[in-house]
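This is what each chain is made of:
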Amino acid sequence: MPLAPANQSQLVRSSQKDEYYRTSLRNNANEAFQTLAGSKRWLDWRREIELLSDLAYYGLTTFSGYQTLGEEYVNIVQVDPTKRQIPSWARRGLFVFCHAYFPYLLGKVLVCLENELEGGQESRSGVGRRQAASGLWSLESWLRRWMLRAVGLLSESQRKACLPAVFVLQQSLTLLHRLHVALFYISGSFYHLSKRAAGISYLRVTGPNSDDGTIRSTYRLLGAVSLLQLLITVCLQLNNFRQRQRARQEWKLYRNLSPQRTQSLRSRISRCILCLEERRHSTSTPCGHLFCWECITEWCNTKAECPLCREKFQPHRLVYLRNYS
């Protein structure tokens, strides 16, 4: 029987089936560990338990040279870039590392880095207590100590400059994943970044399918729509970033004004931009802009965003400022 490249729908169904069995294995492992060790230790080690569950699933299937349950469900097999043989153990090991262990390690590094950059002196004073709680030999404690030494070499200004870079990196990873999925819809290969890194693709072992062309055309259309949506998202985030930068520059300019001009500017700033009158019952949005209580609550009934910078927020996050003129 001739082999043909697996289409997008088969790869998606296979991934969904694997995710179902991975989740089931994770839940059973978490339940067993919580029963044996207690809830407190389970909360400290739940991510490591999920990592071990994923490594066990892919170690017993892909790394051992067998099909996963999802691949068996849709009758597809892994092949290397030559399309003539199954991937070598090195490629399979690289896939397991990139798919299971690397996201866990990257998440730990980014969280520890963000905590150290935000914590400053408080983080340094509390690192001993956190190490005692998690154990001196754990990966998290080792990362904290390493991050503490690295961040300690930075000045206060450098630390403040690095914190937005961590946030940008986290957002970029999300956008990269969305871009990769959109490209998969168009090209029909490498549903996961880890398989692209390892060079593992799929062939289907079933006979020719007359609907294969229709399926691929439909997914190409979905990929084009996904790329358009991603482009719009990036443009909105860049616009939001520019508005925040502009607001920060305006605030710096306002702080440097002379007292006379500051007084005149304060009289103009004390006006609510929604009703164009003196602010009554000043209320702050999470982004720091001030409005009348009645004006901003009425606005939020229609749009849950700041009228000035368009930052999204829930109405319950509005802060009523007492004794503020």
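Residues numbered from 1 in each chain as written. Predicted model: local features only at pLDDT ≥ 70, side-chain atom pairs only at ≥ 80, totals over all residues. Heavy atoms only, no water.

1. Considering the overall build of the protein chain
Scanning the protein chain for helices and strands turns up eleven helices and six strands. Evaluated residue by residue, the protein chain yields a buried proportion of 32% over its 325 residues. For the protein chain, restricting intrachain contacts to residue pairs at least 6 apart in sequence, the fraction spanning at least 24 positions comes to 63%. Per element, the accessible surface of the protein chain, about 20,700 Å² overall, is 58% carbon and sulfur. (Helix = DSSP H or I, 4+ residues; strand = E, 2+ residues; numbered from the N terminus. Buried < 20%, exposed > 50% of the residue type's maximum accessible area, 1.4 Å probe, protein only. Contact = heavy atoms within 4.5 Å. Areas by Shrake-Rupley, 256 points an atom, 1.4 Å probe, with all protein chains shown as cover.)

2. Observations concerning the pairing of strand S3 (residues 201-204)
Here S3 shows two buried faces, one formed by Ser201 and Leu203 and the other by Tyr202 and Arg204. Of the pairings in the sheet, the one linking strand S1 (residues 4-5) to S3 comprises two bridges and is antiparallel in character. From the neighbouring strand, Pro5 faces S3, where its bridge partner is Leu203. In this sheet, S3 lies alongside strand S2 (residues 76-79) in antiparallel orientation, the contact comprising four bridges. Directly across from Gln78, in S3, lies its bridge partner Tyr202. (Pairing = 2+ DSSP bridges.)

3. What to know about the sheet that holds S2
Ordered in space as S1-S3-S2, the three strands form an open sheet in which the pairing is antiparallel. Sheet topology places S1 and S2 at the edges, where each strand pairs with a single neighbour.

4. Details of the pattern of salt bridges
Under the defined criterion, the tally for this structure stands at eleven salt bridges. The shortest N-O distance in the salt bridge between Arg26 and Glu50 comes to 3.9 Å. Residue Arg26 is found in helix H1 (residues 8-37), and its partner Glu50 is found in helix H2 (residues 39-60); the two are separated by 24 residues along the sequence. For Arg26, a relative accessible area of 22% corresponds to the partly exposed category. Among the ionic pairs, Arg310 bridges to Glu305, the shortest N-O distance being 3.2 Å. Under the relative-accessibility criterion, Arg310 is labelled partly exposed at 39%. (Salt bridge = Lys/Arg side-chain N within 4 Å of Asp/Glu carboxyl O.)

5. So, the packing of H1 against H2
With their axes 8 Å apart at the nearest point, H1 and H2 run at an angle of 145° to one another. For H1 against H2, the interelement crossing comes out right-handed. Residue-level contacts link Asp18, Tyr21, Arg22, Leu25, Arg26, Ala29, Asn30, Phe33, Gln34 and Ala37 of H1 to Ser39, Arg41, Trp42, Trp45, Arg46, Ile49, Glu50, Ser53, Asp54, Tyr57 and Tyr58 of H2. Its residues assigned to classes, the contact of H1 with H2 comprises ten nonpolar, four polar and seven charged. (Axes fitted to C-alpha atoms, helices over the stretch in contact; angles between N-to-C directions. Left-handed = near helix turned anticlockwise from the far one by under 90°. Nonpolar A, V, L, I, M, F, W, Y, C, P; charged D, E, K, R; others polar.)

6. Observations regarding the sheet that holds strand S4 (residues 282-284)
A sheet is described by the order of its strands in space; here three strands give the open sequence S5-S4-S6, paired in antiparallel fashion. If you trace the sheet from one side to the other, it starts and ends with strand S5 (290-292) and strand S6 (319-320), each paired once. Sheet topology note: the S4/S6 ladder contains two bridges and is antiparallel. Note on S6: the bridge partner recorded for Ser284 is Val319. Helix H11 (residues 293-302) contacts S4, S5 and S6 of the sheet and is inclined by roughly 95° relative to S5.

7. Some words on the side chain of Ser194
For Ser194, the position within the fold is in helix H8 (residues 193-198). A residue is classified by how much of its surface remains accessible, and Ser194, at 5% relative accessible area, is buried. In this structure the side chain of Ser194 is engaged in a polar contact, spanning 2.9 Å, whose partner is the side chain of His99. Each residue touching Ser194, except ones within four places of it in the same chain, is listed here: Phe95, Cys98 and His99. (Polar contact = N/O pair within 3.5 Å; in protein donor to acceptor, adjacent residues only side chain to side chain.)

8. Focus on the packing of aromatic side chains
All told, the structure shown has ten aromatic pairs when counted by the stated rule. The interplanar angle of 90° and the centroid separation of 5.5 Å between the aromatic rings of Tyr58 and Phe95 together place this pair among those described as edge-to-face. Residue Tyr58 is found in helix H2, and its partner Phe95 is found in helix H4 (residues 89-119); the two are separated by 37 residues along the sequence. Across the pair, exposure class does not vary: Tyr58 and Phe95 are buried alike. Judged by centre distance (6.5 Å) and plane angle (50°), the ring pair of Phe97 and Phe102 falls under tilted. (Phe/Tyr/Trp six-rings, centres within 6.5 Å; stacked < 30°, edge-to-face > 60°.)

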